[in-house]
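Given next are the chains, with one letter for each unit.
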Amino acid sequence: ASKAKSEFLANVSHEIRTPLNAILGLSQYLLDNISNKQHREFISTILSSGKNLLNLINDILDLSKIESGKMDIELQPMNYHEIINDIKLVFKQKIEQKGLSFKISTESSVPDYIYMDELRFYQIIFNLVSNAIKFTSKGFIHISAFAINTKNDNEINLNIVIEDTGIGIKEDQQEIIFESFKQQSGQSNRDFEGTGLGLAIVSGLLKKLNGTVSLKSKPGKGSVFTLTFNQVKVDKSEHN
């Protein structure tokens, strides 16, 4: 039954998104072309709610594709440094608003180019950094990376550590949060909005990319997520 549900959702993804994209597109047009202040507020609310709904649908569909085996992985040369810097730029405004420190540390053992599904890799790091920022009110977010050589000359195990000084996660909740629609108990939905799908998607995508995730956390002391991408092929060709 679960597989049938996942296959159904994966198959109707286009049909679900199409009308919602029309709503968002027309709402944006109206917002740009209406001068009445009250009407603009109404349209702005429709647009904001529509975007939140689209994010929810995208999360559900991504998870359904993973569960039904319909998510294809495409490995291409990817520049690790560019992806991490792009993520930093995406969250720059939110980080500054919250007064957080954001640090990136990459050891020289990490190659410039590796074979990876760039979209899915970005999605994994994005979700974890987004959570770290959401649950951290003061202190820092730190992304560090190092690579360990394997028996094969052109392969590495890539380790990425995402550390924050946020609210932390109770020990008995640390496995639950990787399940679909689960958030740690006692967490206020009003303070920390979300579908509860982000970490389930991270876990599913990691499995597709031959990766694992481990977590160390203490309530009030922050969290450390360690990602390991196993047997990642190194791209040694020259790039301009």
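To be clear, the structure that these remarks concern was listed above.
Keep in mind the model is a prediction, meaning the values are calculated, not measured.

The rules behind each value
Residues numbered from 1 in each chain as written. Predicted model: local features only at pLDDT ≥ 70, side-chain atom pairs only at ≥ 80, totals over all residues. Heavy atoms only, no water. Helix = DSSP H or I, 4+ residues; strand = E, 2+ residues; numbered from the N terminus. Buried < 20%, exposed > 50% of the residue type's maximum accessible area, 1.4 Å probe, protein only. Salt bridge = Lys/Arg side-chain N within 4 Å of Asp/Glu carboxyl O. Pairing = 2+ DSSP bridges. 1 Å grid on protein atoms, 1.4 Å probe; cavity = no way out; pocket = protein on both sides within 12 Å on 5 of 7 lines; lining within 4 Å. Points joined across faces, edges and corners; volume = space filled by probe spheres on them. Nonpolar A, V, L, I, M, F, W, Y, C, P; charged D, E, K, R; others polar. Axes fitted to C-alpha atoms, helices over the stretch in contact; angles between N-to-C directions. Contact = heavy atoms within 4.5 Å.

On to the environment of Asn230, then. Summarising the element assignment, Asn230 is placed in strand β7 (residues 222-233). Exposure remark for Asn230: the relative accessible area of 24% places this residue in the partly exposed category. Sequence separation between Asn230 and Gly204 is 26 residues; the distance between their C-alpha atoms is 15 Å.

A few words on the pattern of salt bridges. Scanning the entire structure with this criterion turns up one salt bridge. The shortest N-O distance in the salt bridge between Lys92 and Glu96 comes to 2.8 Å. Note that Lys92 and Glu96 are positioned in helix α5 (residues 92-98) at a spacing of four residues, about one turn of the helix. Here Lys92 falls in the partly exposed class, since its relative accessible area comes to 42%. Judged by relative accessible area, which is 51%, Glu96 ranks as exposed.

Regular strands show a simple pattern: their side chains alternate between the two faces of the sheet. For strand β6 (residues 211-218) and β7, the ladder comprises eight bridges, and the chain directions are antiparallel. For Ser217, the partnering residue across the bridge sits in β7 and is Ser223. The turn linking β6 back onto β7 is made up of three residues, and Gly220 within it adopts a positive phi angle of 80°.

A few words on the layout of surface pockets. Approximately 180 Å³ is the volume attributed to the second largest pocket. Lining the second largest pocket are Ile73, Leu75, Tyr115, Met116, Lys208, Leu209, Asn210, Asn230, Gln231, Val232 and Lys233. Counting residues per element, the ones that place at least two in the lining of the second largest pocket are β3 (113-116) and β7. By residue number, the principal contributor to the lining of the second largest pocket is β7, which donates four residues. The residue makeup of the lining of the second largest pocket, split by class, is six nonpolar, three polar and two charged.

Another aspect to go through is the sheet that holds β6. Taken together, five strands build an open sheet; the order of strands is β2-β4-β5-β7-β6 and the sheet is mixed. Because the sheet does not close on itself, it has two edges, and the strands there are β2 (101-106) and β6. If you compare each strand with its neighbour and ignore which way they point, the axes differ by 15° on average. Contacts from helix α6 (residues 118-134) reach β2, β4 (140-149), β5 (155-164) and β7 within the one sheet, and its direction differs from that of β5 by about 20°.

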